[in-house]
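What follows is the residue order along each chain.
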Amino acid sequence: MKSYKSKSPEYLSLFVIILATFLITFPSGFVTKAALDPWYFNLVKPAYNPPNWIFGPVWTLLYAMMSVAAWLAYKKSKNSNKILAVYFIHLLINASWSYVFFYYKQIFLASFVISIIIFFILYLMVLYSKYSKPSVVLMLPYFAWSTYALYLNSTIYILNSSY
């Protein structure tokens, strides 16, 4: 009979990855919230801009999925340090978007940051594909959301730029 204790270090690494993911990205939520009123609310946004309440639940789900994806690839990889290093560097870049967009109010530069994030998502998917197909599938919603975010961010820039 298998012991549950033999699995605990494995799940401890999942917990650490999830915790680190949320700790890295948590401060950017405060930056975002602080800039909503009046700056963000006064921006011209396209009709397809999602309601503000959707971002919290979507990002919570995406961060959980990204964490599980990283963990699945990490535990099967012989080069786990590279996977985790790329994953956490990508998370820092992901968190920086809120600072660039909301704190510094650099909408165009924020589009560039999203482009870098998308590059990292694709790179992670390539890394993960060598070890865990479910990891790649778990990253697809994040890729789709980030691509949509780039389109949305770029449109907000165009609608609010002075020619």
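The paragraphs below set out a description of the structure included in this document. Just so it is clear, the structure is predicted and the values come from calculations on it, not from any experiment. (Residues numbered from 1 in each chain as written. Predicted model: local features only at pLDDT ≥ 70, side-chain atom pairs only at ≥ 80, totals over all residues. Heavy atoms only, no water.)

### A word on the overall build of the chain
Line of reasoning, step 1. Across its full length, the chain carries five helices and zero strands.
Line of reasoning, step 2. Secondary structure elements of the chain occur, N-terminal to C-terminal, as α-α-α-α-α.
Line of reasoning, step 3. Expressed along its principal axes, the backbone C-alpha trace of the chain runs to roughly 65 × 25 × 25 Å.
Line of reasoning, step 4. By the burial criterion, 42% of the 163 residues in the chain qualify as buried.
Line of reasoning, step 5. Partitioning the intrachain contacts of the chain with sequence separation of at least 6 by distance along the chain shows that 79% fall at a separation of at least 24.
Line of reasoning, step 6. About 9,600 Å² of surface is accessible on the chain, with carbon and sulfur atoms providing 72% of the total. (Helix = DSSP H or I, 4+ residues; strand = E, 2+ residues; numbered from the N terminus. Buried < 20%, exposed > 50% of the residue type's maximum accessible area, 1.4 Å probe, protein only. Contact = heavy atoms within 4.5 Å. Areas by Shrake-Rupley, 256 points an atom, 1.4 Å probe, with all protein chains shown as cover.)

### A word on the side chain of Ser98
Line of reasoning, step 1. Inspection of the secondary structure assignment puts Ser98 in helix 3 (residues 80-103).
Line of reasoning, step 2. In this structure Ser98 touches Ser28, Val31, Thr32 and Tyr103, once residues within four positions along its chain are discounted.

### Some thoughts on helix 3
Line of reasoning, step 1. Over its 24 residues, helix 3 extends 34 Å from the first C-alpha to the last, a length consistent with the 34 Å expected when each residue adds 1.5 Å.
Line of reasoning, step 2. Backbone geometry just after helix 3 places Lys105 at a positive phi near 60 degrees. (Expected span 1.5 Å × (residues − 1).)

### Here's the deal with the layout of surface pockets
By rolling a water-sized probe across the atoms, one finds the places where empty space is left.
Line of reasoning, step 1. Put simply, the largest pocket is a space of about 920 Å³.
Line of reasoning, step 2. Taken together, 32 residues form the lining of the largest pocket, with Thr32, Phe55, Trp59, Trp97 and Ser98 sitting closest to its centre.
Line of reasoning, step 3. At the level of secondary structure, the elements contributing two or more residues to the lining of the largest pocket comprise helix 1 (8-42), helix 2 (55-76), helix 3, helix 4 (107-129) and helix 5 (133-160).
Line of reasoning, step 4. Here the element with the most residues in the lining of the largest pocket is helix 1; it accounts for 10 residues.
Line of reasoning, step 5. Partitioning the lining of the largest pocket into residue classes produces 20 nonpolar, 11 polar and one charged. (1 Å grid on protein atoms, 1.4 Å probe; cavity = no way out; pocket = protein on both sides within 12 Å on 5 of 7 lines; lining within 4 Å. Points joined across faces, edges and corners; volume = space filled by probe spheres on them. Nonpolar A, V, L, I, M, F, W, Y, C, P; charged D, E, K, R; others polar.)

### A short note on the packing of aromatic side chains
Line of reasoning, step 1. Tallying each qualifying case throughout the model produces 21 aromatic pairs.
Line of reasoning, step 2. Ring geometry for Tyr48 versus Tyr151: centroids 5.2 Å apart, planes at 10 degrees, classification stacked. Residue Tyr48 is found in the loop between helix 1 and helix 2, and its partner Tyr151 is found in helix 5; the two are separated by 103 residues along the sequence.
Line of reasoning, step 3. Residue classification places Tyr48 among the partly exposed positions, given a relative accessible area of 32%.
Line of reasoning, step 4. Note on Tyr151: relative accessible area 52%, which makes it exposed.
Line of reasoning, step 5. Within the aromatic cluster, the residues linked to one another by ring pairs are Trp39, Tyr40, Trp97, Phe101 and Phe102.
Line of reasoning, step 6. Positioned over the ring face of Tyr40 is Lys45, at 4.4 Å from the centre of the ring.
Line of reasoning, step 7. Taking NZ or CZ as reference, Lys105 lies 5.3 Å from the ring centre of Trp39, over its face. (Phe/Tyr/Trp six-rings, centres within 6.5 Å; stacked < 30°, edge-to-face > 60°. Lys NZ or Arg CZ within 6 Å of the ring centre and 35° of its normal.)

### Digging into the side chain of Ser111
Line of reasoning, step 1. Mapped onto the elements, Ser111 comes out in helix 4.
Line of reasoning, step 2. Side-chain polar atoms of Ser111 contact the side chain of Asn153, separated by 2.9 Å.
Line of reasoning, step 3. Contact partners of Ser111, with chain neighbours within four places excluded, come to Leu150, Asn153 and Ser154. (Polar contact = N/O pair within 3.5 Å; in protein donor to acceptor, adjacent residues only side chain to side chain.)

### Quick word on unusual backbone geometry
Line of reasoning, step 1. With omega at 10 degrees, the peptide bond leading from Asp37 into Pro38 counts as cis.
Line of reasoning, step 2. One can find Pro38 in helix 1.
Line of reasoning, step 3. Even without being a glycine, Lys105 presents a positive backbone phi close to 60 degrees.
Line of reasoning, step 4. Along the chain, Lys105 turns up in the loop between helix 3 and helix 4.
Line of reasoning, step 5. Lys105 sits in the partly exposed class, given a relative accessible area of 36%.

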